[in-house]
Amino acid sequence: MRKVISDFFKDHPSIEVIGTARNGKEAIKKIGELKPDVVTMDVEMPELSGIETLKWIMENTPVPVVMLSSFTENGAQQTMLAMEYGAVDFVTKPGGTISLDLHKVKDELIRKVELALKIPIEKLRKHGSNINQSVKTLQHDSTIHLKEKDMITETKTTPKFQIKKWNKASDKIVLIGTSTGGPRALQHVITKLPESISAPILIVQHMPPGFTKSLAERLNHISKIRVKEAEHGEVIESGTAYIAPGGFHMKMKKNGHHYEIVLDDKEPPRSGHRPSVDVMFESVGQYAELDKIAVIMTGMGNDGSKGLMALKESGNVIAIAESAETCIVFGMPKAAIETKLVDEVVNVDKIAETIMKYLV
């Protein structure tokens, strides 16, 4: 495994592998000696598990970490913990724990390591979770350290917008879209919403199938509101957050006096994503009688900005974007802000408060 992953970067123009480690304890030692710019690390390792190693790294020698995860229920749960503790992103091993067909994710892993190079380490530390969690020791696999040869920086802008008049008596729905850095950003938002919230919440988080269920369960466990993975045909209720399952677009349809979830795995991915924020926004935008609060948070790319334009064409819409200051990746919010349709740009720890301002 270590050899295969090292070979992925053999011909990369700006990344070189400067060391490998057989387990978590060796990884910690080598990170101290070699001072890599990025670490790729398996969730499952002997001696010290990936989660325990990650916690130690983020507390003592913080560096961007991309996790490798097996496609199992336990792997998904551990991966959600890794996101909470500060991992930048994760890649799913296609063939389980010992993944002989790892070459299938070569491009994805390279892309996520390149992205990790651009993320200031303060962002991974500053917004880390302080929630205590017991961690099971797992077994098996590989750690890689990558040294950057060429650093790229990003410019940051946070324009402000005029807030429009808002009818607090009408029916509301909250729509949230996010990608890279999203699991931790969602934790900052969803855990701060009160049980009495008078609107349902639809969430698209770019994530493979299987992982969205673990994310929903994790958030449900630590939040006052109910959080679940969305199911096709279920009636949408206030006080519940519905997370689109990986591999399905999440849409909405009206049935009598109720609105129902529609899951679609036939419509192609939009800009490489299924679920897509654009698809969710466009679907909900058909219902002008509902006032919408649309939130776009950290993530690479521009998913959500076209959908926001469609939303704003019909009914009352307040659009909130996460600020560059707290985004792990200021791609999706930046694209939304550039449409000139965003009403408020706020730090992630103020998003729940800003949502509630329009619901109370």
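Keep in mind it's a predicted model, so treat the numbers as computed, not measured. Each chain has its residues counted from 1, running along the sequence as written. Reporting of local features is limited, given that this is a predicted model, to residues whose pLDDT is at least 70; pairs of side-chain atoms are given and counted only at 80 or more, and all residues count toward the totals for whole chains, interfaces and linings. Water and hydrogen atoms were dropped before computing side-chain values, which therefore reflect all heavy atoms in the structure.

Comments concerning the sheet that holds strand β9 (residues 240-243)
- Here a strand pair is declared whenever DSSP counts at least two bridges between the two strands. Helix and strand definitions here come from DSSP, where helices need a minimum of 4 consecutive H or I residues and strands a minimum of 2 consecutive E residues; each element is numbered from the N-terminal end. Strand order in the open sheet formed by seven strands is β8-β9-β7-β6-β12-β13-β14, with parallel pairing between adjacent strands. In the strand order of this sheet, the two ends are held by β8 (226-229) and β14 (344-346), each with one partner. For this sheet the average axis-to-axis angle between neighbouring strands, irrespective of direction, equals 20 degrees.
- The sheet contact formed by strand β7 (residues 201-205) and β9 spans three bridges and is parallel. When the sheet's bridge partners are listed, Ile-201 is paired in β9 with Ala-241.
- Here, two residues are considered to be in contact whenever any of their heavy atoms come within 4.5 Å of each other. Lines are fitted to the C-alpha atoms to define the axes, a helix being fitted only along its stretch in contact, and any angle between axes, read from their N-to-C directions, falls within 0 to 180 degrees. In this fold helix α8 (residues 211-222) packs onto β7, β8 and β9, with an angle of close to 170 degrees to the strand it touches most, β8.
- Seen against the sheet, helix α9 (residues 277-284) touches β6 (172-178), β7 and β12 (291-296) and runs at an angle of roughly 165 degrees to β6.

Regarding the packing of aromatic side chains
- When the centres of two rings from Phe, Tyr and Trp lie within 6.5 Å, Trp using its six-membered ring, the rings pair. Their planes under 30 degrees apart give stacked, over 60 give edge-to-face, and anything left gives tilted. Summed over all chains, the structure comprises two aromatic pairs.
- Between Phe-90 and Phe-211 the ring centres are 4.7 Å apart and the planes differ by 35 degrees, which places this aromatic pair in the tilted class. Of this pair, Phe-90 sits in strand β4 (residues 89-93) while Phe-211 sits in helix α8, placing them 121 residues apart in sequence.
- Accessibility here uses a 1.4 Å probe with only protein chains present; expressed as a share of the type maximum, an area under 20% marks a residue as buried, one over 50% as exposed, and anything in between as partly exposed. Its relative accessible area of 1% is what places Phe-211 among the buried residues.
- Taken together, a centroid distance of 5.5 Å and an interplanar angle of 75 degrees make the contact between Tyr-259 and Tyr-287 edge-to-face. Within this pair, whereas Tyr-259 is found in strand β11 (residues 258-264), its partner Tyr-287 is found in the loop between α9 and β12, the two being separated by 28 residues in sequence.

Examining the nonpolar core
- Here the nonpolar core consists of buried residues drawn from Ala, Val, Leu, Ile, Met, Phe, Trp, Tyr and Cys, with membership extended through side-chain atoms lying within 4.5 Å. Ile-176, Val-189, Ile-190, Leu-193, Ile-201 and Ile-355 are the most contacted members of the largest nonpolar core, which has 74 residues in total.
- With six residues, helix α5 (residues 106-117) is the single largest residue contributor to this core.
- Filtering out sequence-adjacent residues up to four positions away, Ile-190 remains in contact with Ile-176, Ile-203, Ser-223, Ile-225 and Val-227.

Section: the pairing of β7
- Summarising burial for β7: five of the five residues are buried, a large majority.
- Side chains of β7 alternate between two faces, with Ile-201, Ile-203 and Gln-205 and Leu-202 and Val-204 buried alike.
- Summarising the sheet, β6 and β7 pair through five bridges and their orientation is parallel. Paired with Leu-175 across the bridge in β7 is Leu-202.
- Once you follow β6 into helix α7 (residues 182-190) and on to β7, the crossover reads as right-handed. If you view a crossover with the strands going away from you and the path from the first strand over the helix to the second runs clockwise, you call it right-handed.

Observations concerning the pattern of salt bridges
- In what follows, salt bridge is the name for a side-chain nitrogen of Lys or Arg lying within 4 Å of a carboxyl oxygen of Asp or Glu. Counted by the stated rule, this structure contains 25 salt bridges.
- One salt bridge connects Lys-25 with Glu-47, and the closest N-O pair in it is separated by 3.9 Å. Taken as a pair, Lys-25 in helix α2 (residues 24-34) and Glu-47 in the loop between β2 (38-42) and α3 (50-60) lie far apart in primary sequence, 22 residues in all.
- Assessed through its relative accessible area of 54%, Glu-47 is described here as exposed.
- Between Lys-254 and Glu-289 there is a salt bridge; the shortest N-O distance is 3.3 Å. Of the two residues, Lys-254 is situated in strand β10 (residues 249-255) and Glu-289 in the loop between α9 and β12; the sequence distance between them amounts to 35 residues.
- By relative accessible area, Lys-254 is classed as partly exposed at 41%.
- Judged by relative accessible area, which is 39%, Glu-289 ranks as partly exposed.
- The network of salt bridges with shared partners includes Lys-251, Asp-264, Glu-267, Arg-270 and Glu-282.

Description of the packing of α9 against helix α10 (residues 305-312)
- Close contact between α9 and α10 brings their axes to 7 Å; oriented N to C, the two are set at 5 degrees. Relative to α10, the element α9 lies roughly parallel. The segment α9 lies against α10, with Asp-278, Phe-281, Glu-282 and Val-284 engaging Ser-305, Lys-306, Gly-307, Leu-308, Ala-310 and Leu-311.
- Among the residues making up the contact of α9 with α10, the classes are represented as five nonpolar, two polar and three charged. To sort the angles, those under 35 degrees are grouped as roughly parallel, those over 145 as roughly antiparallel, those from 65 to 115 as roughly perpendicular, and the leftovers as oblique. Just so you know the grouping, Ala, Val, Leu, Ile, Met, Phe, Trp, Tyr, Cys and Pro go in nonpolar, Asp, Glu, Lys and Arg go in charged, and all remaining residues, Gly too, go in polar.

A few points about the packing of helix α4 (residues 73-84) against α8
- One way to put it is that α4 packs onto α8 with a least axis distance of 9 Å and a crossing angle of 60 degrees. Our classification of the angle between α4 and α8 gives oblique. Where α4 crosses over α8, the two elements pack in a sense that is right-handed. On α8, the residues that touch Glu-73, Gly-75, Ala-76, Gln-77, Thr-79, Met-80, Leu-81 and Glu-84 of α4 are Phe-211, Ser-214, Leu-215, Glu-217 and Arg-218.
- Grouping the constituent residues of the contact of α4 with α8 by class yields five nonpolar, four polar and four charged. Crossings are sorted by hand: turned counterclockwise from the far helix by less than a right angle, the near helix makes the crossing left-handed, and turned clockwise it makes it right-handed.

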